[in-house]
Every structure is written in structure tokens, then in C-alpha cells.
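These are the residues of each chain, in order.
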Amino acid sequence: MNEQLLNQIILIAIPIFSIFMLGEFFYGLAIAKNTYRLNDTISSISQGLLSQSILLCLVFFQIGAYELLYIYFGARSFTLFWESWYGWIIAFLIYDFIDYWLHRVSHQSALLWGSHVVHHQSQLFNFSTALRQESFFPIIACFFFAVMALLGIPPYQFVLIGLFVLIYQFWMHTEHIGKLGWFDSVFSSPSNHRVHHAINDEYIDKNFGAVLIIWDRIFGTYREEKSACIYGTQTPLNSWNPLWALGSVFINLYKKSRNYSGLITKLKIFFKGPTWRPNDEGVKDSEVVANVFQIYNPPLTGLQKWVAVIIFSVTILFSIYFFITVDQYAYFDKIMCLILVSIGLYYAGFFMGQKKQPT
């Protein structure tokens, strides 16, 4: 039941998000500040489709593990407390607090960063960026949010609070909303979240809050937006391949670990900061990249654009059909649908890639 609720709300959100993205696009054109590009938008939406398709195959980590913990180990005698109006508020505060730490650790541990990085890979900042959801993140998140199940917070309540927090964060991904005064001091906002997505040296690893920014103020990770933000990742992806976007950090970590001997050293490479290297304990994880930053935007022919758009459009239609009818499928069928979605998104990205220069 909780899985169906989750899927139904996501299906309702898809057309709403689409309307907001179109509105932002046309508004940007009207004020001569367009923040969209075809290739980047397709890439961002591709990550959203891919993540949702993968989650339908990993639903155990999304809600199943939580339900089992709640049933067998949860303090279910507190259910009435959590379902009161003040219980909802406290449950939300607990969720948002855990989310802050999950988000913060995901920037400070290379292995977790590999799961989270797709959300930061866009070099633009708009509503489509919000759809770059992390496909494997629920596997990690279920360990963090297990405490809510142990406290006896019902699964449906966990799902609804989680969806509220997720949907709330959509509106923060825009350059068209400026500073909001006192609101920026208490809540996560577009200004606060632009800082979080920026790779300016002074903005690295700041403003992790999901709904409330007060956790950042309490734990010293808050930074006000002052200078113009440069978006992306310190190591640019430079690819529209959605599968490479998902796996590139893990592959590079594996290659990096092979250069060193000793199990402890290899484990440190995976669990310390993303840029950590043995014998470099004093090296900062952040680097000044603003002066060498380049936008990845390979030129496309008209044919490339049309082929990419057609493949992408067909994949969107198939994905939505998959999301609507998923309850009818056996697990093997879900995997096959995921493979078909992945192939479609891969080729949409492939046709937007850099053309080979003649030799």
C-alpha cells in the first residue's frame, strides 16, 4: 500500500513539474535570462526517469526495509503519539534533521558521493536540475532513516513526510527567485540552495538543509549567497551518457584504489573525502576551480537534435507507461523495462555527444 501511495504521488507530480519547467523556460526567454539548454535538460530529466525506474526495482530499500523494522522492532505503542498534530511536527523535524546529516555525509564520503553526485553534475541551475535524483541513494538512506522506524513512526507517515520534503526542494532549483529576507534565515530557499550547488571555493560543502536551513546554522555549514554561483562538479562529467553519470565516480574510485596496497588504505579511499589520497592528510578536499571552469556544450547538428529528441520522447512515453502499469509486472519484467529505459536514455545522450573530428 505504501509503495502504491509513493508511486501515485510521483505520477501526479510529473505533469505539475513539467508545467513549472515550461513556465520557467518561457519566463527566462521573456526576461532575456534563459537558464535552459536542450542537451542539459534532456540529461537532467533522463536522470529523473532512470532513478524512478531503478527505484521501482529497489522498492525494498525505499520502503520495504522500513516497514519490516517498524513491524518487528518499532515502538508501535507510540503510534497514537506520532499521529497527533504535534507528533507529525516532531516526526518531520526528525526526518529533516536526519536528512541534513545524510546529505552532509554524502558530500564528505567518496562512496556516498558516488551515489549523490548525479544531482550536482548539471552546469546549469533550473527546475529540471531538481529532477536529477540519485538512483542508488535509497540503499544508503534506509540505514539513516531506520531510527524513525525504531521510534514507531508509521510507514505511511514516513512516506508522506519524505515526499513532502522531496517535493518542497523542487522550487529551490531556480535562478529566477532572489533572496527572501527572513525566510532565508530559517528555511532552505533558492538563494541558499544555489550556494549548495555552486563549486566556488567559498561555497563548497555548504547549506545541506532540505526544508530547514537552521541545521546548517547550528552545525556551522551555512553560507550566505554573495558572489555569483558557478554550478557543476569539481571534476566535470563532460558527457551526456546517463549510465556513465551514475557509475563514473565508482569506477574512478576502484581505479584509484588499485594504485595502493593495503586493505585499510583502500577502504579509506572509499570512505574519506572524494579527493583524498594516501599521504595527503593535510590536503583540502576542495579546490579553486572557478578560473579554469568551462561549460560542456558540444555543438549539435540539426539531425543530431531531432534524433535525440525523438528517442528521448519515445523513452519518456514508455517510462510513464511503465510507471502507471508497474503493479502488473513480475520482478523480471520490471528489470526488462528498466533495461529498455536505460537503452533509450543512453542513445538520446549518445546523439547529443561530441562529434568525432575527421582525421
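The structure under discussion appears in the preceding block.
In this convention, every chain numbers its residues from 1, walking through the sequence in written order. Local features in this predicted model are restricted to residues of pLDDT 70 or higher, and side-chain atom pairs are both shown and tallied only at a pLDDT of 80 or more, whereas totals for entire chains, interfaces and linings draw on every residue. Heavy atoms from the whole structure form the basis of all side-chain values; hydrogens and water molecules are not counted.

K.L.:
What should I look at first to understand the environment of Arg-277 in this one?
P.N.:
Strands here mean DSSP runs of E at least two residues long; helices mean DSSP runs of H or I at least four residues long; both are numbered from the N terminus. As for its position among the elements, Arg-277 is in the loop between helix 14 (263–271) and helix 15 (302–325). Working definition: with a 1.4 Å probe on protein chains only, accessible area under 20% of the residue-type maximum means buried, over 50% means exposed, and in between means partly exposed. The exposure class assigned to Arg-277 is partly exposed, which follows from its relative accessible area of 41%. Distance in space between the C-alpha atoms of Arg-277 and Tyr-260 is 9.7 Å, their sequence separation being 17 residues. Leaving out residues up to four positions away in the same chain, Arg-277 has contacts with Lys-256 and Tyr-260. Residues are treated as being in contact if the distance between any of their heavy atoms lies within 4.5 Å.

K.L.:
Please clarify how the layout of surface pockets should be interpreted in this entry.
P.N.:
Over the atoms, a rolled probe matching the size of one water molecule traces out where space is still vacant. Every definition here rests on a 1 Å grid over the protein atoms only: cavities are sets of points where a 1.4 Å probe fits but cannot get out, pockets are open sets enclosed by protein on both sides within 12 Å along at least five of seven lines, and lining residues have some atom within 4 Å of a point. Grid points are joined across faces, edges and corners, and a volume is the space filled by probe spheres set on the points. There is about 720 Å³ of room inside the second largest pocket. Trp-113, Gln-234, Thr-235, Pro-274 and Thr-275 are the residues nearest the centre of the second largest pocket, which is lined by 30 residues in total. Those elements giving two or more residues to the lining of the second largest pocket turn out to be helix 6 (110–116), helix 11 (190–197) and helix 13 (242–257). It is helix 13 that contributes the most residues to the lining of the second largest pocket, six residues altogether. Each residue is assigned to one of three groups, with Ala, Val, Leu, Ile, Met, Phe, Trp, Tyr, Cys and Pro labelled nonpolar, Asp, Glu, Lys and Arg labelled charged, and all others, Gly among them, labelled polar. Classifying every residue of the lining of the second largest pocket gives 12 nonpolar, 13 polar and five charged.

K.L.:
How should helix 3 (residues 59–73) be read in this particular structure?
P.N.:
The periodicity of an α-helix, 3.6 residues per turn, causes residues three or four positions apart to be oriented the same way. An expected span of 1.5 Å times one less than the residue number is assigned to each helix. Compared with an ideal rise of 1.5 Å per residue, which puts 15 residues at 21 Å, helix 3 spans 20 Å between its outermost C-alpha atoms and is within 8% of the ideal. Fitting one axis to the seven residues ending at a residue and another to the seven starting there, the bend at that residue is the angle between the two axes. Maximal helix bending in helix 3 amounts to about 25°, located at Ala-65. Every buried residue of helix 3 is accounted for by Val-59, Ile-63, Gly-64, Ala-65, Tyr-66 and Tyr-70.

K.L.:
What am I meant to see in the pattern of salt bridges here?
P.N.:
Note on pairing: side chains with opposite charge can pair once their charged atoms come close. By definition, a salt bridge exists where a carboxyl oxygen of Asp or Glu is found within 4 Å of a side-chain nitrogen of Lys or Arg. According to the stated counting rule, one finds two salt bridges in the structure shown. Among the salt bridges present, the one from Arg-194 reaches Glu-225, with a minimum N-O distance of 2.9 Å. Taken together, the residues span a long stretch of sequence, with Arg-194 in helix 11 and Glu-225 in the loop between helix 12 (214–219) and helix 13 at a distance of 31 residues. Classification of Glu-225 by relative accessible area gives buried; the value is 13%.

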